[in-house]
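Letter by letter, the chains look like this.
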Amino acid sequence: MSDPMNVLAPEHRRLRIGDAWRDAAGAATFAVEDPATGKTIAEVADADVVDGLAALDVASKAMAEWAATPPRERSELLTATYRALTERSEEVARLITLEMGKPLAEARGEVAYGAEFFRWFAEEAVRVEGRYNTAPAGGYRILTVPKPVGPCVFVTPWNFPLAMGARKIAPALAAGCTTITKPAAQTPLTMLFLARIMEEAGVPPGVVNVVTTRRAGEVVSALLADRRTRKLSFTGSTEVGRVLLRQAADNVLRTSMELGGNAALIVCADADLDVALDGAMVAKMRNIGESCIAANRVYVEEPVREEFTARFAQRMGALSVGHGLDDGVDVGALIDEASVTKIDELVADAVDRGARVVVGGERPDGPGYFYPPTVLVDVPEDARMLEAEIFGPVAPIISFTSDDEVMAKANDTEHGLAGYVFTRDLQRALRFTEGLETGMVGINRGLISDPSAPFGGVKQSGIGKEGSHEGILEYLDVTYAAIDLP
Ligand code: NAP
């Protein structure tokens with residue numbers, strides 16, 4: 001197989017600003033590594049504040065023309081991007097695996113998921129509508145006019161290097177906004193490749209800008225402090241989200257926040273256990289557990305605890321760990337050393353407090369950032385992993401005996417992104433759907449991400465929605481006109 005890096009020529013490992021691919025003003029670069037080997041795979045430009053503001057400059061200047069571009073034309077450019085991503089799926093997937101570590105099959109899934117945002121929002125671009133109605137008291141009419149919010153700043157995480165950017169860029173372009181994306185420093189290559197694909201698709205210069213940097217704090221705060229920026233959409237940790245919300249407040253920016261999660265997965269005694277096991281495997285192990293909606297806590301009703309645990313541990317233990325590009329690998333490398341150390345510490349903490357490891361639990365020797373699929377039982381309530389985002393292939397199992405008890409435990413967290421319930425009782429499923437304090441609930445399903453559904457959290461998991469019809473509304477302001485008509 002050829003080197004996955006061949007798809008991104010060295011001239012495109014630089015900043016995408018306006019119609020140029022250029023070095024950082026200070027000519028600095030930083031290394032990107034393959035987390036499965038720890039080896040450097042590429043150097044990319046390391047932007048500073050000057051570069052960030054140069055991107056904002058071109059995004060602001062391109063705004064009026066892009067907003068005035070007929071929706072059908074914008075739609076067709078999004079469709080062309082969808083087609084290019086789909087046709088080049090294998091190349092993009094290999095690049096994702098190389099810089100992020102997930103197995104190739106998962107990377108292919110991410111490309112399909114990410115591409116779908118372009119198709120979905122190509123369809124939404126031509127359906128932006130206002131209203132016209134008579135004021136209730138009569139005498140005048142009310143007209144609402146949707147307008148693009150303006151230049152947007154996007155800050156994205158490393159866990160889905162394509163999809164987290166796609167679900168911001170596609171709706172923004174559909175609404176008529178221009179964009180500056182700052183991808184995670186650990187996975188900048190996929191976003192540069194997307195910018196290249198969009199350039200080839202014919203998206204005009206200045207509409208999609210990508211600024212790679214190791215100085216996220218400085219560059220992003222300069223962008224947020226500039227009055228030309230009109231919107232921030234951030235996906236990442238709740239901790240960084242709080243910092244950015246404070247900065248965005250100074251300019252009263254529109255914000256969308258897709259933050260951390262701590263999903264409870266609840267298996268009721270009446271569940272179809274085969275369905276529950278399939279669902280739990282997906283909800284826990286999709287993306288190696290490095291997903292904001294990953295099942296962080298697995299609650300199993302006492303009568304089925306033993307059987308579920310034995311079968312789940314058997315399936316977790318059968319997964320093969322290795323380099324994501326190798327055939328037959330189910331579990332690739334985690335993103336970095338800090339991540340493996342954190343997970344190892346969370347497992348040690350749970351064991352110290354009385355938990356028992358059923359499978360996994362020992363980090364392997366050798367290069368790369370690997371951790372084996374791990375299942376723990378008898379996890380006490382004060383174990384840190386029940387509060388922290390594990391973000392890896394570790395599943396703590398806790399038993400429960402009543403719905404009220406498990407609902408209270410599930411909701412006892414600052415997060416509110418996703419929850420999962422497995423039951424054959426419709427009323428029970430609906431009570432959990434209404435009672436769980438989360439933005440999303442999977443009922444007898446471990447896979448809930450879908451570009452046509454509104455993705456987003458409540459409580460400290462975020463503000464706003466991505467995907468679905470709601471997704472484009474995040475990029476539209478509404479001007480209302482009162483028209484005198486006695
Ligand atoms: P992170 O540390 O918060 O970083 C996310 C992004 O923010 C990166 O681009 C990072 O740049 C940048 N950043 C860090 N500090 C910053 C600062 N002071 N100012 C401006 N930008 C800053 O999160 P992560 O570790 O990459 O991603 C994992 C987190 O994302 C998890 O908590 C996960 O739950 C969450 N997530 C949420 C969703 C959702 O939809 N709700 C989806 C995916 C992930 P650098 O790379 O340079 O540090």
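Residues numbered from 1 in each chain as written. Predicted model: local features only at pLDDT ≥ 70, side-chain atom pairs only at ≥ 80, totals over all residues. Heavy atoms only, no water.

Participant: Where do I start with the site of the ligand in this structure?
Facilitator: In the vicinity of the ligand, 29 residues are found, and the nearest of them are Thr156, Arg167, Ser237, Leu259 and Glu389. A distance of 2.8 Å separates an oxygen atom of the ligand from a polar backbone atom of alanine 185. Leucine 259 places a main-chain nitrogen or oxygen 2.7 Å from a nitrogen atom of the ligand. Here the ligand, which alone exposes 910 Å², has 84% of that area covered by the protein. Cavity membership is defined here by more than half of the atoms lying within 2 Å of grid points; on that basis the ligand lies in the largest pocket. Top contributing element to the shell around the ligand by residue count: helix α7 (residues 216-225), with three residues. Partitioning the shell around the ligand into residue classes produces 17 nonpolar, eight polar and four charged. Looking at which domains feed residues into the shell around the ligand, each of domain 1 (10-259 + 461-481) and domain 2 (263-443) gives three or more. (Near = heavy atom within 4 Å. Polar contact = N/O pair within 3.5 Å; in protein donor to acceptor, adjacent residues only side chain to side chain. Areas by Shrake-Rupley, 256 points an atom, 1.4 Å probe, with all protein chains shown as cover. 1 Å grid on protein atoms, 1.4 Å probe; cavity = no way out; pocket = protein on both sides within 12 Å on 5 of 7 lines; lining within 4 Å. Sits in = over half its atoms within 2 Å of the grid points. Helix = DSSP H or I, 4+ residues; strand = E, 2+ residues; numbered from the N terminus. Nonpolar A, V, L, I, M, F, W, Y, C, P; charged D, E, K, R; others polar. Domains from an automatic or database assignment.)

Participant: How do you make sense of a nonpolar patch on the surface when you look at a structure like this?
Facilitator: On the surface, Tyr132, Ile483 and Leu485 cluster together into a nonpolar patch covering about 270 Å² of accessible area. Along the polypeptide, tyrosine 132 turns up in strand β5 (residues 132-134). (Patch = residues over 30% accessible without salt bridge, like charges linked within 9 Å, V, L, I, M, F, W, Y side chains within 5 Å. Salt bridge = Lys/Arg side-chain N within 4 Å of Asp/Glu carboxyl O.)

Participant: Could you clarify how one ought to interpret the layout of surface pockets in this entry?
Facilitator: It is a probe the size of a water molecule, rolled over the atoms, that shows where empty space is left. Of the volumes computed, that of the largest pocket is approximately 860 Å³. Taken together, 35 residues line the largest pocket, and the ones lying closest to its centre are Trp158, Phe234, Gly236, Ser237 and Val240. Contributions of two or more residues to the lining of the largest pocket are made by α7, β10 (231-235), α8 (238-250) and α11 (337-352). No other element matches α8, which puts six residues into the lining of the largest pocket. (Points joined across faces, edges and corners; volume = space filled by probe spheres on them.)

Participant: Help me understand the UniProt feature "domain: Aldehyde dehydrogenase" (unreviewed entry) in the chain in this model?
Facilitator: According to UniProt, the "domain: Aldehyde dehydrogenase" (unreviewed entry) feature falls on residues 21-479. Across residues 21-479 one finds 41% helix and 20% strand; the C-alpha atoms that close the span lie 37 Å apart. (UniProt positions renumbered as here; feature names shortened; annotations may be inferred.)

Participant: Which parts of the structure should I look at to understand unusual backbone geometry?
Facilitator: Leave glycine aside and you will find that most residues have negative phi; peptide bonds, for their part, are mostly trans. Residue valine 252 is not a glycine yet carries a positive backbone phi of 45°. You can see valine 252 is positioned in the loop between α8 and β11 (254-258). Exposure remark for valine 252: the relative accessible area of 73% places this residue in the exposed category. Phi at asparagine 287 takes a positive value of approximately 60°, unusual for a residue other than glycine. Considering the arrangement of structural elements, one finds asparagine 287 in the loop between α9 (273-285) and β13 (295-301). (Buried < 20%, exposed > 50% of the residue type's maximum accessible area, 1.4 Å probe, protein only.)

Participant: How should I be thinking about the sheet that holds strand β6 (residues 140-148) in this particular structure?
Facilitator: Hydrogen bonds between backbone atoms are what pair the strands of a sheet, whose relative direction is either parallel or antiparallel. With antiparallel pairing, the three strands of this open sheet are ordered in space as β5-β6-β20. The open sheet is flanked by β5 and β20 (476-484), the only strands paired with a single partner. Strand after strand, the sheet turns through a mean of 25° between neighbouring axes, direction not considered. Pairing of β5 with β6 involves three bridges; the strand directions are antiparallel. Residue pairing for β6: asparagine 133 is matched across the bridge by isoleucine 142. (Pairing = 2+ DSSP bridges. Axes fitted to C-alpha atoms, helices over the stretch in contact; angles between N-to-C directions.)

Participant: Which parts of the structure should I look at to understand the side chain of arginine 74?
Facilitator: Checked against the element boundaries, arginine 74 lands in helix α2 (residues 71-87). Glutamate 73 provides the closest opposite charge to the buried, salt-bridge-free arginine 74, at an N-O distance of 8.2 Å. Reaching out from arginine 74, the side chain makes a polar contact with the backbone oxygen of tryptophan 66 at a distance of 3.3 Å. Among all residues touching arginine 74, those that are not within four sequence positions of it are Trp66, Ala67, Thr69, Leu173, Ala174, Ala175 and Gly176. (Lys, Arg positive; Asp, Glu negative; His and termini not counted. Contact = heavy atoms within 4.5 Å.)

Participant: Teacher, can you tell me more about the packing of helix α5 (residues 163-175) against helix α6 (residues 189-201) here?
Facilitator: If you want to describe how two helices pack, look at the angle between their axes and the distance between the axes. α6 packs onto α5 with a crossing angle of 30° between their chain directions and a minimal axis gap of 11 Å. It follows that α5 is roughly parallel to α6 by the angle criterion. In this structure, α5 meets α6 at a crossing whose hand is right-handed. Two secondary-structure elements touch here, α5 through Gly165, Ile169 and Leu173 and α6 through Met191, Leu194 and Met198. (Parallel < 35°, antiparallel > 145°, perpendicular 65-115°, else oblique. Left-handed = near helix turned anticlockwise from the far one by under 90°.)

Participant: Explanation requested: the UniProt feature "active site" (unreviewed entry) in the chain in the structure shown.
Facilitator: UniProt annotation of "active site" (unreviewed entry) refers to Glu258 when read in the numbering used here. In this structure, glutamate 258 is in contact with Arg167, Phe234, Thr235, Gly236, Phe455, Gly456, Gly457, Ser461, Gly464, Lys465 and Glu466, ignoring residues within four places of it in sequence.

Participant: Mind showing me how you'd approach the domain arrangement of the chain here?
Facilitator: A common way to state how big an interface is: give the accessible area lost once the parts meet. As assigned here, the chain comprises domain 1 (10-259 + 461-481) and domain 2 (263-443). Between the C-alpha centres of domain 1 and domain 2 the distance comes to 31 Å. Facing 27 residues of domain 1, the contacting portion of domain 2 comprises 28 residues. Here domain 1 packs against domain 2, burying approximately 2200 Å² in sum over the two surfaces, 55% of which is carbon and sulfur. Along the contact surface separating domain 1 from domain 2 lie one salt bridge. Here glutamate 414 ties to arginine 242 by a salt bridge, and the two come within 3.7 Å at their closest N and O atoms. Where domain 1 packs against domain 2, one counts twelve residue pairs in polar contact (both at pLDDT 80 or more). Sorting the residues of the side of domain 1 that touches domain 2 by element identifies β3 (29-34), α3 (89-100), α4 (104-125) and α8 as the ones contributing at least two each. It is α3 that contributes the most residues to the side of domain 1 that touches domain 2, five residues altogether. Taken together, the residues of the side of domain 1 that touches domain 2 sort by class into ten nonpolar, nine polar and eight charged. (Buried area = accessible area lost by both parts, 1.4 Å probe.)

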